[in-house]
Amino acid sequence: MCQCLVLSYRDFIMADSIMSKAATMEIPINSNGDTGTLTEDDSLEQDLQQVMVSGPNLNETSIVSGGYGGPAGGIIPTSTIKGSSNHNTSNSTEEVTRGVAVEKLDSVKKWGINTYKCTKQMFSERFGRGSRTVDLELEAQIDVLRETKSKYENILRLATALISHFQSMVQTQQALGDTFTDLSQKSPELQDEFGYNAETQKLLCKNGEALLGAINFFVSSINTLVNKTMEDTLMTIKLYENARLEFDAYRSDLEELSLGPRDAATMVRIEMAQHDYQIHRDKYERLRSDVTIKLKFLEENKVKVMHKQLLLFHNAISAYFAGNQQQLEQTLIQFNVKLKPPGSDKPSWLEEQ
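Parameters at a glance
Residues numbered from 1 in each chain as written. Predicted model: local features only at pLDDT ≥ 70, side-chain atom pairs only at ≥ 80, totals over all residues. Heavy atoms only, no water. Helix = DSSP H or I, 4+ residues; strand = E, 2+ residues; numbered from the N terminus. Buried < 20%, exposed > 50% of the residue type's maximum accessible area, 1.4 Å probe, protein only. Contact = heavy atoms within 4.5 Å. Areas by Shrake-Rupley, 256 points an atom, 1.4 Å probe, with all protein chains shown as cover. UniProt positions renumbered as here; feature names shortened; annotations may be inferred. Axes fitted to C-alpha atoms, helices over the stretch in contact; angles between N-to-C directions. Parallel < 35°, antiparallel > 145°, perpendicular 65-115°, else oblique. Left-handed = near helix turned anticlockwise from the far one by under 90°. Phe/Tyr/Trp six-rings, centres within 6.5 Å; stacked < 30°, edge-to-face > 60°. pLDDT = per-residue confidence, 0-100. Polar contact = N/O pair within 3.5 Å; in protein donor to acceptor, adjacent residues only side chain to side chain. Salt bridge = Lys/Arg side-chain N within 4 Å of Asp/Glu carboxyl O. Arc of directions from axis to C-beta. Patch = residues over 30% accessible without salt bridge, like charges linked within 9 Å, V, L, I, M, F, W, Y side chains within 5 Å.

Peer 1: Please explain the overall build of the protein chain as it appears in this structure.
Peer 2: From N to C terminus, the protein chain includes eight helices and two strands. The helix and strand sequence of the protein chain, counted from the amino end, reads α-α-β-β-α-α-α-α-α-α. When the 353 residues of the protein chain are sorted by exposure, 26% land in the buried category. Nonlocal contacts in the protein chain, meaning residues at least 24 apart in sequence, comprise 75% of its contacts between residues at least 6 apart. For the protein chain, the exposed area adds up to about 24700 Å²; of that, 57% sits on carbon and sulfur atoms.

This is the structure we're talking about:
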């Protein structure tokens, strides 16, 4: 498609007449070689000024779409195209912004309606006015889980306190053994007595560190069971309970509408309520199934973990207080307990800088 700039017909005729006049005008020359006074200078200058004034404005230049000699209807002002492009871009941006705002408004509206229905259902249940869906077997399992978690948290606190106290005792035994060793070297008359007391304290310290490793392993496993596995199941239970409340709220709403008049407007509302009820029913049943499965696997995992950890705790405590170092070491090997090397808990010299 060819495009060219178009002048108005009047400006084109005026410019053509001026150029013709300038080409045919006689310029007299005097004897000295100077040009004479032009009789038509004033009129020519006026015509040129008129062309400059009435000439086309570059800001309003037109574009012809099509070939040469096309119809006048093909002339499109460039200012109109530029304005149209900006206008289209502005409209597109406004439409996108408006669409996002409408989506947010719909989301807030749905959230408000859902919150109102659930709050109404919650107060109705609390004051004994509304009915609630109850799965007696599942509710009993959930109560047992919460009680079990509370008791296991107590075991975790007590075992952690035992580690703290026993570690202080081991550190005291270590310091006492070092003191006995130093005195055995400085007291020749009591060298033997200080010496075997130092060896005893060092042996107790070594066995104490082995027992601490076993108890730390016990506490770590219980912490994982309580604060990760059980907590994950309880989070699913919380989602299930919220879904149950929503399901009962929309069920009650549908029941209220079904008891009212059956005019055209009410039938539309009943149909919408039936749709919402089905959605929340499916969600409730899906989460109930998830909770049932997680409770089953949690119980199996809990029995397996606690069987191993309780056996470790018993064998390690028994071997330590019986003074059976060999059995204590065998217990650590049996349960794959890795002891930290002495001083591994202390920060390195680079970290202290």
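Past the structure itself, the notes keep going.
Peer 1: Looking at this structure, I do not really get the side chain of Asn207. What am I missing?
Peer 2: With respect to the helices, strands and loops of the structure, Asn207 is situated in helix α5 (residues 191-258). Overall, Asn207 belongs to the buried group, its relative accessible area being 9%. Apart from residues no more than four positions distant in its own chain, Asn207 is found in contact with Tyr320, Gln325 and Leu328.

Peer 1: What exactly am I supposed to notice about the environment of Gln309 here?
Peer 2: Mapping Gln309 onto the fold places it in helix α6 (residues 264-321). For Gln309 and Ile215, which are 94 residues apart along the polypeptide, the C-alpha to C-alpha distance reads 9.3 Å. When neighbours within four sequence positions are excluded, Gln309 is seen to be in contact with Phe217, Phe218 and Ser221.

Peer 1: Can you help me understand unusual backbone geometry in this one?
Peer 2: We note that Asn336 has phi near 60 degrees; this positive angle belongs to a residue other than glycine. With respect to the element layout, Asn336 can be found in the loop between α7 (325-334) and α8 (349-352). Note on Asn336: relative accessible area 52%, which makes it exposed.

Peer 1: What exactly am I supposed to notice about the UniProt feature "coiled-coil region" (unreviewed entry) in the protein chain here?
Peer 2: The UniProt record annotates "coiled-coil region" (unreviewed entry) at residues 270-301. Secondary structure content for residues 270-301 is 100% helix and 0% strand, while the C-alpha to C-alpha distance between its ends is 46 Å.

Peer 1: Even after reading the chapter, I still don't get the packing of α5 against α6, so can you show me in this structure?
Peer 2: Each pair of packed helices can be summarised by the angle the axes make with each other and by the distance between the axes. The contact between α5 and α6 brings their axes to 7 Å, and the two run at 165 degrees. Looking at the two axes, α5 sits roughly antiparallel to α6. Once α5 is placed against α6, the crossing between them reads as left-handed.

Peer 1: Quick question: what am I supposed to make of the packing of aromatic side chains here?
Peer 2: Centre distance and the angle of the planes are the two values used to describe a pair of aromatic rings. Considering all chains together, one arrives at eight aromatic pairs under this definition. With a centroid separation of 6.0 Å and an interplanar angle of 35 degrees, the aromatic rings of Phe180 and Phe194 are classed as tilted. Of this pair, Phe180 sits in helix α4 (residues 136-186) while Phe194 sits in helix α5, and the two are 14 residues apart along the sequence. Under the relative-accessibility criterion, Phe180 is labelled buried at 17%.

Peer 1: I tried to follow the confidence of the model for the protein chain on my own but got confused; where do I start?
Peer 2: Detailed reading of the predicted coordinates is not advisable wherever pLDDT is low. Residue-level pLDDT values for the protein chain average 78, and 71% of them are 70 or greater. Averaged pLDDT values for the elements of the protein chain fall to 41 in strand β1 (residues 62-64) and rise to 95 in α4. Note that pLDDT drops below 50 for residues 18-41; the model gives that stretch 15 contacts with residues more than four away or on any other chain.

Peer 1: I keep staring at the side chain of Lys149 and nothing clicks. Help me out?
Peer 2: By the element assignment, Lys149 lies in helix α4. Looking at Lys149, its side chain comes within polar contact range of the side chain of Glu153, at 2.5 Å. Among residues more than four places away in sequence, those in contact with Lys149 are Val226, Met230, Glu231 and Leu234.

Peer 1: So what exactly am I meant to see when it comes to the pattern of salt bridges here?
Peer 2: In the structure shown here, the tally under the stated rule is 15 salt bridges. For Arg251, the salt bridge identified is with Asp248, shortest N-O distance 3.2 Å. With Arg251 and Asp248 both in helix α5 and three residues apart, the pair spans about one turn of that helix. Each of Arg244, Asp248, Arg251 and Glu255 takes part in a single network of salt bridges with overlapping partners.

Peer 1: Help me out: how do you make sense of α7 in this one?
Peer 2: Because the α-helix completes a turn every 3.6 residues, residues three or four places apart line up on one side. Of the residues making up α7, those classed as buried are Leu328, Thr331 and Leu332. Considered in projection along α7, the buried side chains sweep an arc of 95 degrees and stay on one side of the axis. Exposed positions of α7 whose direction lies more than 90 degrees from the buried face are Gln326, Ile333 and Gln334. Where α7 is buried, its residues contact α5 and α6. N-cap assignment for α7: the residue whose side-chain oxygen lies 3.4 Å from the backbone N of Gln326 is Asn324. Backbone geometry just after α7 places Asn336 at a positive phi near 60 degrees.

Peer 1: Looking at this model, I keep getting lost on the environment of Asp253. Mind explaining?
Peer 2: Relative to the assigned elements, Asp253 resides in helix α5. Sequence spacing of Asp253 and Gln274 is 21 residues, and the spatial spacing of their C-alpha atoms is 9.4 Å. Leave out the neighbours within four places in its chain, and Asp253 touches Lys117 and Ala273.

Peer 1: I tried to follow a nonpolar patch on the surface on my own but got confused; where do I start?
Peer 2: Together, Met122, Phe123 and Phe127 make up an exposed nonpolar region whose accessible area comes to about 310 Å². Relative to the helices and strands, Phe123 is located in helix α3 (residues 78-126).

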